[in-house]
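# Architecture and fold: a report
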4 protein chains.
Amino acid sequence: MKLGFIGLGIMGSAVANNLLKSGFRLNIYNRSRKKVKDLTSDDYEFLDNPKLVAQNSDIIFMMLSNDEACENVVSSNNGLLEGLSSNKIVVNFSTVSSYYSQKLCNEVNKKNALFLEAPVVGSKIPAQNAALIILCAGDKKAYEAANPYFEKLSKRVFYLDAVPNASYLKIVNNQVMGITMQALAEGLHLAKKLNLDLNVVLDLLNSGAFANSMFDLKGKNILNNDYNVHFPYEHMQKDLGFAVKLAEDKKAFCPALSIVNEIYKKGLSSYSKEDMCAIFEALNS
Amino acid sequence: MKLGFIGLGIMGSAVANNLLKSGFRLNIYNRSRKKVKDLTSDDYEFLDNPKLVAQNSDIIFMMLSNDEACENVVSSNNGLLEGLSSNKIVVNFSTVSSYYSQKLCNEVNKKNALFLEAPVVGSKIPAQNAALIILCAGDKKAYEAANPYFEKLSKRVFYLDAVPNASYLKIVNNQVMGITMQALAEGLHLAKKLNLDLNVVLDLLNSGAFANSMFDLKGKNILNNDYNVHFPYEHMQKDLGFAVKLAEDKKAFCPALSIVNEIYKKGLSSYSKEDMCAIFEALNS
Amino acid sequence: MKLGFIGLGIMGSAVANNLLKSGFRLNIYNRSRKKVKDLTSDDYEFLDNPKLVAQNSDIIFMMLSNDEACENVVSSNNGLLEGLSSNKIVVNFSTVSSYYSQKLCNEVNKKNALFLEAPVVGSKIPAQNAALIILCAGDKKAYEAANPYFEKLSKRVFYLDAVPNASYLKIVNNQVMGITMQALAEGLHLAKKLNLDLNVVLDLLNSGAFANSMFDLKGKNILNNDYNVHFPYEHMQKDLGFAVKLAEDKKAFCPALSIVNEIYKKGLSSYSKEDMCAIFEALNS
Amino acid sequence: MKLGFIGLGIMGSAVANNLLKSGFRLNIYNRSRKKVKDLTSDDYEFLDNPKLVAQNSDIIFMMLSNDEACENVVSSNNGLLEGLSSNKIVVNFSTVSSYYSQKLCNEVNKKNALFLEAPVVGSKIPAQNAALIILCAGDKKAYEAANPYFEKLSKRVFYLDAVPNASYLKIVNNQVMGITMQALAEGLHLAKKLNLDLNVVLDLLNSGAFANSMFDLKGKNILNNDYNVHFPYEHMQKDLGFAVKLAEDKKAFCPALSIVNEIYKKGLSSYSKEDMCAIFEALNS
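Keep in mind that this is a model prediction, so the values were computed, not measured. (Residues numbered from 1 in each chain as written. Chains lettered and ligands numbered in written order. Predicted model: local features only at pLDDT ≥ 70, side-chain atom pairs only at ≥ 80, totals over all residues. Heavy atoms only, no water.)

## What about the interface of chain B and chain C?
- Contact with chain B, which involves 6 residues of that partner, is made by 6 residues of chain C.
- Carbon and sulfur atoms make up 52% of the surface buried where chain B meets chain C, a total of about 410 Å² over both sides.
- For chain B, the biggest contributors to the area lost against chain C are Ile259, Lys266 and Ser285 of chain B; these three give 76% of the whole.
- Linking chain B to chain C there are 0 salt bridges.
- Between chain B and chain C we count 2 residue pairs in polar contact (both at pLDDT 80 or more) in total.
- Looking at the side of chain B that touches chain C, the elements with two or more residues in it are helix H12 (255-271) and helix H13 (279-284) of chain B.
- The element contributing the most residues to the side of chain B that touches chain C is H13 of chain B, with 3 residues. (Contact = heavy atoms within 4.5 Å. Buried area = accessible area lost by both parts, 1.4 Å probe. Salt bridge = Lys/Arg side-chain N within 4 Å of Asp/Glu carboxyl O. Polar contact = N/O pair within 3.5 Å; in protein donor to acceptor, adjacent residues only side chain to side chain. Helix = DSSP H or I, 4+ residues; strand = E, 2+ residues; numbered from the N terminus.)

What follows is the structure, encoded as structure tokens:
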């Protein structure tokens, strides 16, 4: 199996490195060539466009930041679709809207190629440590072919049948994450207004039934005014927005989601490039 | 030190039993005498009213369900206040509003007695297992006197200086718990509307950075339609309501809290006596 | 100018009758032929499909209930698009999403035909009384050609340049209407819980600076438990949902809109076919 | 009947002037004596403290900004309560919390004096034009005695039986006003993000079923960035906060109220002294 890899951002280069480390050779494309500096092995070929990657690979992995970035790679001149043919497999690790993922699946299938959506749970450090959780949906045979590679990247893989079930599950996961993050932020905000010692508050929250490693990590960062990005604020908002639209289409009743999304939107102009936990600052300002 | 204990509800009897088990004799009062059947030792005397408990004890512990229940015990004819005198210590384990706790503190102090508010984190099982977390505020000497007894009941004690800091911290803790619970409930609600397998969703939520034992326990209960009460829905709402009023008085910005409280209020007529996780049902109905 | 008219629902038949009353002959299509019974003149020809209407008319008016109904009429076999040709004008009175309106505009233009979106403000009675407000956007020449007909239907016409500005304005209008309606419903709900006389409350609300005819009408209906439909609850929710999606795409901060939409969604299973003011019942139940 | 008047703020001096204009002599107290410059007649006596006003008057009117200001006037040394005696009537025009109004009523009654709560609807201009709406509750005979004076100040008086019904009604009125104001602000905010012409939007909103004079006035002010105070932003928030607490105590379901109150709270640090319609700015910033 010849492997292609498109997208060398923070997440993409970490994943690509794990494939290289496992001994697989990669056909690589990235909008900016200089990102190959982040690769830890020379066992790759950089190609000039996504079409060439598709033509020269059996499985093409993509890891990009959003719908628009994927659409550029897929549908431009010399884009991915132009290079696809029968039985090639496209695996999209990017978190995109479920609507776009379905559309992308349809377009890939029209070329008689196979499609897997495979959004991941976990950010930079788990990506580097091959400790991601992969949520995969799409053609079962494609999944079986891709799974050996998934195992080099992840601690766990969920297979969820048809597209866009994996997108759905990723969105639900991040919906829960966003509201849980808000719970911490609002608790610390009220505690501050009450003149409580925030270290004590955090200590207590880390001792009870709902203690979790995100509260521990993000709580400490908030107390240190450390908003260095692990999971970007703007991505959190993007995913909450996906959930809001799904809830609208399915007539699901999600009031906390809706309001948390509004608060994240409110802070976009100030905090989009910081970590998601900057929502604490958005409450104060 | 002679000990008094008032309130033999689910929590109160569990705590009283741990004191009895540790070899302390108790002067006991409860509105209904028959609740003494839940006590696991005979080393107590049941007295006819709170005044007698106060007169015959050095430290009086109270564990009641809300402000009104406390006020009845404290201020009625033959109530606690009538029996207080210099240097007696009143310890209130009940979760009450911070306003009421301050008022109670003032009234006890007027009798030259000492007051500790000591709301606990943890429900029935931790109470039985002497694994509560006690949040204590009030007179430092009273705290030092009460602490040896606290250690028989809890895995951890936080001392927070002046009243009502412990009430504040308890309210913040339950604010975060309520919103976090809502995060789970809304995630499962949307997932259901998306026709995802809820067992898989819960499996994923239990695998990531914000996995926590409350999600595990309450999630399973929700999937089994098991709303047997650990922490009553109406108490969750009561505590969220306390937080809303504090946020109003301190002009804290807590939109998720506000909306989660509204949703809990909406379900009161149907779910008040069930477990707090019945909020999942409140989203559907 | 030969006129076509598609859609004989409550709104459509009222509008068609005003055109007939003004002496214009209509080529008519409706999914169910029997709705012609609501027409008050015989000066029309009922055609078998939208394609025939398009082929035999210079201006084709459509008034349908939502995106899906429009898409069926436009893109099915023997649909409107198949009958369009150069310089024919399509006028869509239906309130649809701005996304769909733009798409429809593009498809009509591909046939070298002209497109106007023209959602109306006002429900059944204003439609019958030729007292609608028409919000129109699209080709200026098409607007000039259609305007003489608009004048027979409306008390006022706004022209807003390019598509989808009229859709946008309609959505903003109904966003404000929905939240204002919620203001009344929540006020009456709290007043009821306070045991105030709701007639007095309504009397006061109708006396102050924000008194308006909707409060007067809907208030009385609520007090009489009269939820006969003027503007359907489900359409109010649909339009709030459009606004929520626009606010998401434009990153507008609309917390009241978001929460009001959630509450409308919550009541859909019980009140969708009743009047929008049934939101009062949704608060109680 | 000898009349006392306490409080010469914007509202108080307007009301006092209407009493003077009607030929009534007033015993006046205000924290700062120099405010008498706003009085348009000399037919008054300025007294040194509220006790003297109470001693020398049969009916004492108060118009102050909030609970704290009333409490200062009523309960300080040389406060109102010290001067009360049998059959004197206290009329409180101030908008205070229903809890405080009930407490004040009880304290006045303990002196065998009579109490009326009489919050007004209408701001500066209606106060000057004797066009207020007075909401009155309390002793019926006191009401009959005070009513001739009310008629010199107002266009309409509602009598609502027992305290705190008038406070309740005032709070409900302002709850509806606050949410309706938010409807306008969010509509204009979304419209701006959609690049619509806000003058056109306002024109449309002023043409439909929910057109009202507040939308007209506040809408124009918003478009002109004119936030000169008619009704202070901080008073709007205060009243929304009263409504939130009442909704909590009565377990009323008021999600839009809750969230609008949060947004008003968020803007307090920037807009408290501007007009309530500065909520539009709070959405943007």
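## Some thoughts on the nonpolar core
- Counting residues in hydrophobic clusters, the biggest one holds 297 residues, and the most contacted among them are Phe5, Phe61, Val91, Phe93 and Phe150 of chain B.
- Other than its neighbours up to four places away in sequence, phenylalanine 5 of chain B contacts Gly12, Val15, Ala16, Leu19, Leu26, Asn27, Ile28, Tyr29, Val53, Phe61, Met63 and Phe93 of chain B.
- Membership of the second largest hydrophobic core comes to 57 residues, among which are Val36, Val90, Leu114 and Ile134 of chain A. (Core = buried A, V, L, I, M, F, W, Y, C linked by side-chain atoms within 4.5 Å. Buried < 20%, exposed > 50% of the residue type's maximum accessible area, 1.4 Å probe, protein only.)

## Focus on the interface of chain B and chain A
- Each partner contributes to the interface: chain B provides 56 residues, whereas chain A provides 56 residues.
- For the pairing of chain B and chain A, the buried interface totals around 4800 Å² over both sides, and the portion due to carbon and sulfur atoms is 75%.
- The largest contributions to the chain B side of the interface with chain A come from Leu190, Leu204 and Phe210 of chain B, which together make up 14% of the buried area.
- Aspartate 203 of chain A serves as the salt-bridge partner of arginine 156 of chain B, at 2.5 Å between the closest nitrogen and oxygen.
- Viewed at the interface, chain A and chain B are joined by 16 residue pairs in polar contact (both at pLDDT 80 or more).
- Residue assignment for the side of chain B that touches chain A shows that the elements contributing at least two residues are strand E8 (132-138), strand E9 (154-159), helix H8 (165-193), helix H9 (198-205), helix H10 (213-223), helix H11 (233-250) and H12 of chain B.
- In terms of residue class, the side of chain B that touches chain A is built from 39 nonpolar, 10 polar and 7 charged. (Nonpolar A, V, L, I, M, F, W, Y, C, P; charged D, E, K, R; others polar.)

## Side note on the UniProt feature "domain: 3-hydroxyisobutyrate dehydrogenase-like NAD-binding" (unreviewed entry) in chain A
- The UniProt record annotates "domain: 3-hydroxyisobutyrate dehydrogenase-like NAD-binding" (unreviewed entry) at residues 167-281 of chain A.
- End C-alpha atoms of residues 167-281 of chain A are separated by 30 Å, and the span's content is 72% helix alongside 0% strand. (UniProt positions renumbered as here; feature names shortened; annotations may be inferred.)

## A look at the relation of the copies chain B and chain A
- Between chain B and chain A, which share one sequence, the superposing operator has a rotation angle of 180° and an axial displacement of 0.0 Å; the RMSD is 0.0 Å. Taken together, the turn and the small shift mark the pair as related by a two-fold rotation axis. (Least-squares fit on C-alpha atoms with pLDDT ≥ 70 in both.)

## A word on the pairing of strand E5 (residues 89-92) of chain D
All names here are of chain D.
- Burial of E5 is two-sided: the residues Ile89 and Val91 facing one way and the residues Val90 and Asn92 facing the other way are all buried.
- When strand E4 (residues 59-62) meets E5, the two strands line up parallel, connected through 4 bridges. Across the sheet, residue isoleucine 60 finds its bridge partner in E5, namely valine 90.
- Bridge count for E5 against strand E6 (residues 114-117) is 4 bridges, and the pairing is parallel. Of the residues in E6, the one forming a bridge with asparagine 92 is glutamate 117. (Pairing = 2+ DSSP bridges.)

## Some words on the pattern of salt bridges
- The full count for this structure, using the stated rule, is 48 salt bridges over all chains.
- Here glutamate 262 of chain B makes a salt bridge to lysine 265 of chain B, at a shortest N to O gap of 3.1 Å. Here the residue glutamate 262 of chain B and the residue lysine 265 of chain B both occupy positions in helix H12, the gap between them amounting to 3 residues, near one helical turn. For the residue pair glutamate 262 of chain B and lysine 265 of chain B, the accessibility class agrees, reading buried in each case.
- Ionic contacts of the salt-bridge type, sharing partners, join the residues Glu71, Lys103 and Glu107 of chain A into one network.

## Concerning the domain arrangement of chain A
Residue and element names in this part refer to chain A.
- Segmenting chain A into domains produces domain 1 (3-163) and domain 2 (168-284).
- Centre-to-centre, using C-alpha coordinates, domain 1 lies 29 Å away from domain 2.
- Of the roughly 1100 Å² buried where domain 1 meets domain 2, counting both sides, 66% is carbon and sulfur surface.
- On the domain 1 side of the contact with domain 2, Thr95, Ser98 and Tyr99 bury the most area, a combined 39% of that side's loss.
- One can count 0 salt bridges joining domain 1 with domain 2.
- At the boundary of domain 1 and domain 2, one finds 5 residue pairs in polar contact (both at pLDDT 80 or more).
- Of all the secondary-structure elements, those providing two or more residues to the side of domain 1 that touches domain 2 are helix H5 (98-110) and strand E7 (120-121).
- A per-class count over the side of domain 1 that touches domain 2 returns 7 nonpolar, 6 polar and 1 charged. (Domains from an automatic or database assignment.)

## Some details on the UniProt feature "domain: 6-phosphogluconate dehydrogenase NADP-binding" (unreviewed entry) in chain A
- UniProt records the feature "domain: 6-phosphogluconate dehydrogenase NADP-binding" (unreviewed entry) for residues 2-159 of chain A in the present numbering.
- Between the first and last C-alpha atoms of residues 2-159 of chain A the distance is 23 Å; the span itself is 38% helix and 24% strand.

## Thoughts on unusual backbone geometry
- With omega at 5°, the peptide bond leading from valine 163 of chain B into proline 164 of chain B counts as cis.
- Of note in this structure, asparagine 87 of chain A is not a glycine but carries a positive phi near 75°.
- Assignment of secondary structure puts asparagine 87 of chain A in the loop between helix H4 (80-83) and strand E5 (89-92).
- Unlike most non-glycine residues, aspartate 161 of chain C shows phi in positive territory, near 65°.
- For aspartate 161 of chain C, a relative accessible area of 52% corresponds to the exposed category.

## Some details on helix H9 (residues 198-205) of chain C
Residues and elements named next belong to chain C.
- Those residues of H9 not exposed but buried are Leu198, Val201, Leu202, Leu204 and Leu205. Angular distribution of buried residues about the axis of H9 spans 160°; they occupy a single face of the element.
- If you check the start of H9, you find a side-chain oxygen 2.8 Å away from the backbone N of asparagine 199, and it comes from aspartate 197. (Arc of directions from axis to C-beta.)

## Details of the environment of lysine 34 of chain C
- Topologically, lysine 34 of chain C is positioned in the loop between strand E2 (26-29) and strand E3 (44-46).
- Counting along the chain gives 160 residues from lysine 34 of chain C to leucine 194 of chain C, while the straight-line C-alpha distance between them is 50 Å.

## A word on the environment of alanine 256 of chain C
- Its location among the elements puts alanine 256 of chain C in helix H12 (residues 255-271).
- With 224 residues separating them in the primary sequence, alanine 256 of chain C and serine 32 of chain C have C-alpha atoms 39 Å apart.

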